[in-house]
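Structural overview for review
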Amino acid sequence: MAKHIEDDHQKSLVQWAKLRRLPDGENIESGAKVIDYLYAIPNGGTRNKREAGRLKMQGVKAGVSDLHFALPINGKSGLWIEMKQPDRKKASVTALQKAWIARMKLAGYDAHVCYGYQEAKQVIENYIAA
């Protein structure tokens, strides 16, 4: 488990997203939950050179955040979340990840690095409530 701490926290966030109902809104499907607008970007992981090259040709690129909440709210185009394990001393944000977050903010999105499930959950709650 220690090897996959970040994965475990992201899984917990997805489990919560399956239960968290969204407020009614003109651009929100009635009865929708967070998971209906939240999806993962599978950019991480170990791949052989051939598979990595094939995925790169399909548009996979380093630095893109782990999760996208594709729901425009309160003047924001959506929300990007880069998941990290809760221990900030053991979690590093790459230059490419920082650049992606800055680019998304410039484009009108909300974007955050979140250290653990609780922080990511709070970021989504704040985004919904804004």
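You'll find the structure just up there.
Definitions and cut-offs
Residues numbered from 1 in each chain as written. Predicted model: local features only at pLDDT ≥ 70, side-chain atom pairs only at ≥ 80, totals over all residues. Heavy atoms only, no water. Axes fitted to C-alpha atoms, helices over the stretch in contact; angles between N-to-C directions. Helix = DSSP H or I, 4+ residues; strand = E, 2+ residues; numbered from the N terminus. Parallel < 35°, antiparallel > 145°, perpendicular 65-115°, else oblique. Left-handed = near helix turned anticlockwise from the far one by under 90°. Contact = heavy atoms within 4.5 Å. Nonpolar A, V, L, I, M, F, W, Y, C, P; charged D, E, K, R; others polar. Buried < 20%, exposed > 50% of the residue type's maximum accessible area, 1.4 Å probe, protein only.

Moving on, we get to the packing of helix 1 (residues 5–19) against helix 4 (residues 117–129). For any two helices packed against each other, one specifies the inter-axial angle together with the distance between the axes. As a packed pair, helix 1 and helix 4 sit with axes 8 Å apart at the nearest point and diverge in direction by 40°. On the basis of their axis angle, the class for helix 1 and helix 4 is oblique. For the element pair helix 1 and helix 4, the recorded crossing hand is right-handed. Contacts between helix 1 and helix 4 involve His9, Ser12, Leu13 and Trp16 from the first element and Tyr117, Ala120, Lys121, Ile124 and Glu125 from the second. For the contact of helix 1 with helix 4, the residue count by class is five nonpolar, two polar and two charged.

When you line up the elements, glutamine 10 lands in helix 1. Judged by relative accessible area, which is 16%, glutamine 10 ranks as buried. Setting aside residues no more than four positions away along its own chain, glutamine 10 makes contact with Ala40, Asp66, Leu67 and Met83.

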